[in-house]
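# Structure at a glance
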Amino acid sequence: MKLVFYIIIIFQFLNFLGVFAEKVKKNSPTLNSIKWEKVRENKEKPLKKIIWKSYKNEKSYFENKNIINKSKKNLDKTQMDHPTWRNRTLRFSFEEIEMPDPGEYMGLYGIGAYDRLNPWLYGGITAYGAASGRRGGFFTGGYTLGVESKLTDNWILDAGGYVGAGGGGAAAQGGGLMIRPHIGIKYEFSWGAMGLNYTYVDFPNGDISSDATALSLDIPFSSPTLNWEDDGLTAADYFGSDLSNVSRHRSHLAARVRAYYPSSGSKTTSGRSLDNSLGLVGVEYSYFLDQNWFATFETAGAVSGGVGGYAELLAGLGYRFPLTKDDRLALLPALTIGGAGGGGVETGGGFVSRANLGLEYRMSPHLSLIMDGGYLAAPDANFDTPYVGLNLAYVMETFAQDQKGAPLKETDLIQTAKWRFRPAHQWYLDAQRKGGASRDMQLMGGKIDWMGGEWWYLTGQGLSAYAGGAGGYSEGFWGAGVFSPNWMNLQLYGEMLIGAGGGGGVDSGSALLYKPSIGLEYTLNKDFSLQTGIGKVISNNGNLDANIFEASLIWRFGTSK
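Residues numbered from 1 in each chain as written. Predicted model: local features only at pLDDT ≥ 70, side-chain atom pairs only at ≥ 80, totals over all residues. Heavy atoms only, no water.

A word on the packing of aromatic side chains. Enumeration according to the criterion identifies 18 aromatic pairs in this entry. Judged by centre distance (4.9 Å) and plane angle (80°), the rings of Tyr128 and Tyr162 are edge-to-face. Taken together, the residues Tyr128 in strand 5 (residues 121-132) and Tyr162 in strand 7 (residues 155-167) connect sequence positions 34 residues apart. Assessed through its relative accessible area of 1%, Tyr162 is described here as buried. (Phe/Tyr/Trp six-rings, centres within 6.5 Å; stacked < 30°, edge-to-face > 60°. Helix = DSSP H or I, 4+ residues; strand = E, 2+ residues; numbered from the N terminus. Buried < 20%, exposed > 50% of the residue type's maximum accessible area, 1.4 Å probe, protein only.)

Turning next to the confidence of the model for the protein chain. Confidence in the prediction for the protein chain averages 85 pLDDT; 85% of positions are at 70 or higher. Throughout residues 1-81 the model reports pLDDT below 50, and contacts reaching past four residues in sequence, or to other chains, amount to 74 contacts. (pLDDT = per-residue confidence, 0-100. Contact = heavy atoms within 4.5 Å.)

Next up on the list: the sheet that holds strand 30 (residues 545-560). Reading around the barrel, the eight strands line up as 23-24-25-26-27-28-29-30 and close back on themselves, with antiparallel pairing between neighbours. On average, each strand axis in the sheet is inclined to that of its neighbour by 25°, with strand direction left out of account. Two strands pair when backbone bridges link them, and strand 24 (residues 436-451) and strand 25 (residues 456-467) are joined in this way by 10 bridges, in the antiparallel orientation. Looking at the pairing, Trp450 lines up with Leu458 of strand 25. (Pairing = 2+ DSSP bridges. Axes fitted to C-alpha atoms, helices over the stretch in contact; angles between N-to-C directions.)

Now for unusual backbone geometry. For Asp327, which is not a glycine, the phi torsion comes out positive at approximately 65°. By secondary structure assignment, the location of Asp327 is in the loop between strand 16 (321-322) and strand 17 (329-341). A positive phi angle, near 55°, is found at Asp430, a position not held by glycine. The topology assignment puts Asp430 in strand 23 (residues 416-433).

Now for the layout of surface pockets. Of the voids in this model, the second largest pocket is the one considered here, and its volume is about 470 Å³. At the level of secondary structure, the elements contributing two or more residues to the lining of the second largest pocket comprise strand 23, strand 24, strand 28 (512-523) and strand 30. It is strand 23 that provides the largest number of residues to the lining of the second largest pocket, a total of four residues. The residue inventory of the lining of the second largest pocket, partitioned by class, reads six nonpolar, eight polar and nine charged. (1 Å grid on protein atoms, 1.4 Å probe; cavity = no way out; pocket = protein on both sides within 12 Å on 5 of 7 lines; lining within 4 Å. Points joined across faces, edges and corners; volume = space filled by probe spheres on them. Nonpolar A, V, L, I, M, F, W, Y, C, P; charged D, E, K, R; others polar.)

Structure follows, in C-alpha cells:
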C-alpha cells in the first residue's frame, strides 16, 4: 500500500509538470524574437520621422546610446513603483496515526508556513507535535513541497510531501527521519481554505508507519518581496498607485528565558514528584493582525532542572493594550495551546494550554523588553506550573494589502532589515550516548540570521536528528557570528552559540550546550551562497563533546524594519 501511494504522488507531480510545460510552450514567443526601440534619425530635428532599430539585451548598447537614466536611484524608484507581492500560507492540520503497539493511536497537530513559488507550486517549513495519546514530547520539524490545481472555482486538488526529523515521547521513531506524503482536496472560502487529505506517516528507520485522514486549515496572507538594496525609498515611490490599499503591521521576534515552578501534583513519567524548578530558553514570533490583535508562535526547551529533552511548541492569540501616550508601555495578555513533553515530564498525550500576561517596555523603535508571567497546564496529565519570564524582542514592521494596520504616508521611508535563512545539515562525529558507545549521528534543520552590520550577525538555530540511532534528539541555539571581507566570492565565518538539546539517548546532561564553529562561504549570486564548516558541540554537565561537520545553503532576503 505504501509503495502504491508513493507512485501515485510521483505520477501526480510529473503530470503537473507536464501540464505546466505545455502551457509555457504554448504561450512562449519564438526563440529568435526581435525587440525594438524608437530612436530619432536626427537629434537636431526632433520632428523628423521616427525609424525602428533592432537590438539585443546588451547592457553596453544602452550605455553607448545614453538611453539609460543618468540617475540610478531614480531608475530604481521607477522599477519599484509596483512591488512584487508574495502569496504565502499558514497551514494548521490534525490527524491521528496508528502506533506500533496494538490499539495505540497518536494525534498529530501540524503548523506550516509556505511560500507560493509559482501559480501551482508551494514550499516551506512545517512542524508536527503530539497532541493526544500517550507520547507527549513527540516533535518533528522539516520541509514541505506541494502542488495545487484548481478543479472548480472553489475546489482545489492538493498533493505534496514532507521530509523532516525528530521524535521523542519514547516512540519507536528509530533514527528520527520522517516522511509524510499527502493528497487531497480543499474548499476555498474568501478568508481561507478547509482541506481533507489522505496521508502516510512513515519513519523509514523506525517502526512507525501509518496512513491517516488529515484535516487542514489554510490562512493566506501576502507580503512584499524586499532585497538587501531596497532601502531609503519613500512609500509613494515604493508602492506607487497601490499605496492606498497598503497598511503597516507590527511583528516581533523575541529571545526568551523562562523559569517554571511545577505545582505539587506534577510528576515525571516514572511517577516521581517533579520538585525542581525548570529553566527554559526559546524563541517567539508574533504578527499583529491589526493595530492590537496579534497571532503568536513559540518554541522552547529546558536547559536546567534535570529534564533535558523537555520542549514546547505553542501558538495562540493575544491583544496589546498601550498604557502610555508615547506607546512605551503596554500590556500583552495572550492565550496559547500546543504540545509539550519529553525529558521525563508527564504531559500525557502532549496537549497543553497556557494563559500569559506580559508587560512591554519599548527601549527604542526596534527593541523591546517584555517581562511576563502565566500558567501552563496539561489537562489530561500530571503537569501544571506557574512561571515568570524575560524576553528581548526585535520589533519590525511589515506591509499587507489591507487597511487593518497603521496607515502609510506618502513620505514614510521604507527601511530594510537584512536577513539570511540557512537550511542546514550537520554530522556529529562520535557523539556520546547514555550507557552506550559513542556513535555518529546526522541532523537537519534551519538557521535564521539577522545581519547587524557589515561583519557581524545574530543567529537562531534549530536542528533534529534523523539518522544515527538518536531519533528524538533536538536542539535550539542563540548566538552571534562574524565574517571576513569577500575575496573572489569567498568569506570566512565564525560562530559562538549557546542553547539547549536533549533526547534520543544522547548524553547532553541537563541540556545546556555550547557550540563554536568556523567555516567558509562561497557566494553564488546576490541571493544565494553555499557554506561549509567545522566545530564542536559541548554539554555543560553531560558527556557530550563531539566534533561537527556542517553544510548549508544560504538565502538572503530583506524585511521592512
